[in-house]
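# Close look at the chain arrangement
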Amino acid sequence: MKVTATETAVLADAVAELVESLHQKYPGIRTKPVPPIEDEDFAIEIESPASFSAADVEEECQKECIRLEDKYDVYILPLVVQKKAGEG
């Protein structure tokens, strides 16, 4: 299926909004795109510093992705991983 420029722009806006929101709530997180796993429009890995609960970060990511799905009609899959204490 060919993706239009408008669909790409909408997805880019949604992802940018997600990343900005998460960086404001959780300073020090790192994000990177990863290949989609199933039928989502975009998948993103969120690396949480050891100073934050990975469960809390994951819960907030899910809430934010649901909000963005309603707003933009895109499905973003967040994959939260926990950075271990002492990792650079």
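Structure report, in brief.

Procedures and definitions
Residues numbered from 1 in each chain as written. Predicted model: local features only at pLDDT ≥ 70, side-chain atom pairs only at ≥ 80, totals over all residues. Heavy atoms only, no water. Patch = residues over 30% accessible without salt bridge, like charges linked within 9 Å, V, L, I, M, F, W, Y side chains within 5 Å. Areas by Shrake-Rupley, 256 points an atom, 1.4 Å probe, with all protein chains shown as cover. Salt bridge = Lys/Arg side-chain N within 4 Å of Asp/Glu carboxyl O. Lys, Arg positive; Asp, Glu negative; His and termini not counted. Charge placed at Lys NZ, Arg CZ, Asp CG, Glu CD. Helix = DSSP H or I, 4+ residues; strand = E, 2+ residues; numbered from the N terminus. Buried < 20%, exposed > 50% of the residue type's maximum accessible area, 1.4 Å probe, protein only. Core = buried A, V, L, I, M, F, W, Y, C linked by side-chain atoms within 4.5 Å. Disulfide = S-S within 2.5 Å.

## A few points about a negative patch on the surface
Judged by side-chain charge, Glu7, Glu38, Asp39, Asp41, Glu69, Asp70 and Asp73 come together as a negatively charged surface patch. Checked against the element boundaries, Asp41 lands in the loop between strand 1 (30-34) and strand 2 (42-48). For Asp41, a relative accessible area of 41% corresponds to the partly exposed category.

## Examining the nonpolar core
By size, the foremost hydrophobic cluster in this structure holds 18 residues, and its most contacted members are Leu18, Leu22, Ile46 and Ile76. At the level of secondary structure, the elements contributing two or more residues to this core comprise helix 1 (5-25), strand 2, helix 2 (54-72) and strand 3 (76-82). Among the elements that take part in this core, helix 1 stands out by supplying six residues, more than any other.

## Digging into the state of the cysteines
One pass over the full model with this rule turns up zero disulfides. Its sulfur unpaired, Cys61 is 6.3 Å from the next cysteine sulfur, which belongs to Cys65. With relative accessibility at 0%, the residue Cys61 sits in the buried group.

## A word on the pattern of salt bridges
Pairing of side chains with opposite charge becomes possible as their charged atoms draw close. Considering all chains together, one arrives at seven salt bridges under this definition. Where Arg67 meets Glu17, a salt bridge forms, and the shortest distance between an N and an O atom there is 2.6 Å. Separated by 50 residues along the polypeptide, Arg67 in helix 2 and Glu17 in helix 1 bring together distant segments of the chain. Close ionic contact of Glu64 with Lys25 constitutes a salt bridge, the shortest N to O distance being 3.9 Å. Separated by 39 residues along the polypeptide, Glu64 in helix 2 and Lys25 in helix 1 bring together distant segments of the chain. Accessibility expressed as a relative area gives 39% for Lys25, which makes it partly exposed. Here the residues in one salt-bridge network are Glu17, Lys25, Glu60, Glu64, Arg67 and Lys71, joined through shared partners.

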